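Analysis of the macromolecular model
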Amino acid sequence: MWYAILGTDNDHSLEARKAARPAHLARLNALRDAGRLLLAGPFPAIDAEDPGPAGFTGSLIVAEFEDLHAAKAWAAADPYVAAGVYRDVDVRPFRKVLP
């Protein structure tokens, strides 16, 4: 089943986000390579493709997991959690309808 993982950034987390990004992307690439990643990306803090020093307010990942417990465990082990980028992470079942 698909699960939406919504991470909300702590204030002033841009430097921690930059430092943890390679490890974060490696995990996402592993999901992609296994055919389990639907989409992933950050929410810019301003209305711009590259928000510069304004940074980001969080991220959305939609990926396939065996069950909710597995999705929550994967999300809890994210490098952004360990680095203090996310102040909270919400994991919910997701049903893809379109496209």
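Look a little higher up for the structure.
Residues numbered from 1 in each chain as written. Predicted model: local features only at pLDDT ≥ 70, side-chain atom pairs only at ≥ 80, totals over all residues. Heavy atoms only, no water.

A separate point is the layout of surface pockets. Sizing a probe to match a water molecule and rolling it over the atoms shows the empty space that remains. Considered as a void within the structure, the largest pocket measures approximately 260 Å³ in volume. What lines the largest pocket is a set of 17 residues, and nearest its centre among them are R21, H24, L25, P42 and Y80. Contributing elements (two or more residues each) for the lining of the largest pocket: α1 (14–33), β2 (37–44) and β3 (56–64). In terms of residues, the lining of the largest pocket owes the most to one element, α1, which gives 8 residues. Here the lining of the largest pocket is composed, by residue class, of 10 nonpolar, 4 polar and 3 charged. (1 Å grid on protein atoms, 1.4 Å probe; cavity = no way out; pocket = protein on both sides within 12 Å on 5 of 7 lines; lining within 4 Å. Points joined across faces, edges and corners; volume = space filled by probe spheres on them. Helix = DSSP H or I, 4+ residues; strand = E, 2+ residues; numbered from the N terminus. Nonpolar A, V, L, I, M, F, W, Y, C, P; charged D, E, K, R; others polar.)

Another aspect to go through is the packing of aromatic side chains. Tallied over the entire structure, the rule returns 3 aromatic pairs. Ring geometry for F65 and W74: centres 5.7 Å apart, planes at 50°, overall tilted. Classification of F65 as buried rests on a relative accessible area of 5%. When the centroid spacing of 5.5 Å and the interplanar angle of 85° are considered together, the rings of Y80 and Y86 count as edge-to-face. An identical accessibility class is assigned to Y80 and Y86; each is buried. Among the aromatic side chains, those forming a connected cluster through ring pairs are Y3, F65 and W74. (Phe/Tyr/Trp six-rings, centres within 6.5 Å; stacked < 30°, edge-to-face > 60°. Buried < 20%, exposed > 50% of the residue type's maximum accessible area, 1.4 Å probe, protein only.)

The end-to-end C-alpha distance of α1 is 27 Å, a good match for the 28 Å that 20 residues give at a rise of 1.5 Å each. Its axis deflected by about 50° at R21, α1 carries its strongest bend there, up to four residues before the proline P22. Buried within α1 we find L14, R17, A20, H24, R27, L28 and L31. Residues of α1 that are buried in the fold lie against β1 (2–9), β2, β3, α2 (68–76), α3 (79–82) and β4 (86–94). Phi turns positive one or two residues past the end of α1, at G35, with a value near 75°. (Expected span 1.5 Å × (residues − 1). Bend = angle between axes of the 7 residues up to and from the residue. Contact = heavy atoms within 4.5 Å.)

Let's shift gears to the pattern of salt bridges. One pass over the structure, following the stated rule, counts 6 salt bridges. Between E15 and K18 there is a salt bridge, and its shortest N-O distance comes to 3.7 Å. Of this pair, E15 and K18 both sit in helix α1, 3 residues apart, which is roughly one turn of the helix. Across the pair D88 and R87 runs a salt bridge, and its minimum N-O distance is 3.6 Å. With a relative accessible area of 37%, D88 lands in the partly exposed category. (Salt bridge = Lys/Arg side-chain N within 4 Å of Asp/Glu carboxyl O.)

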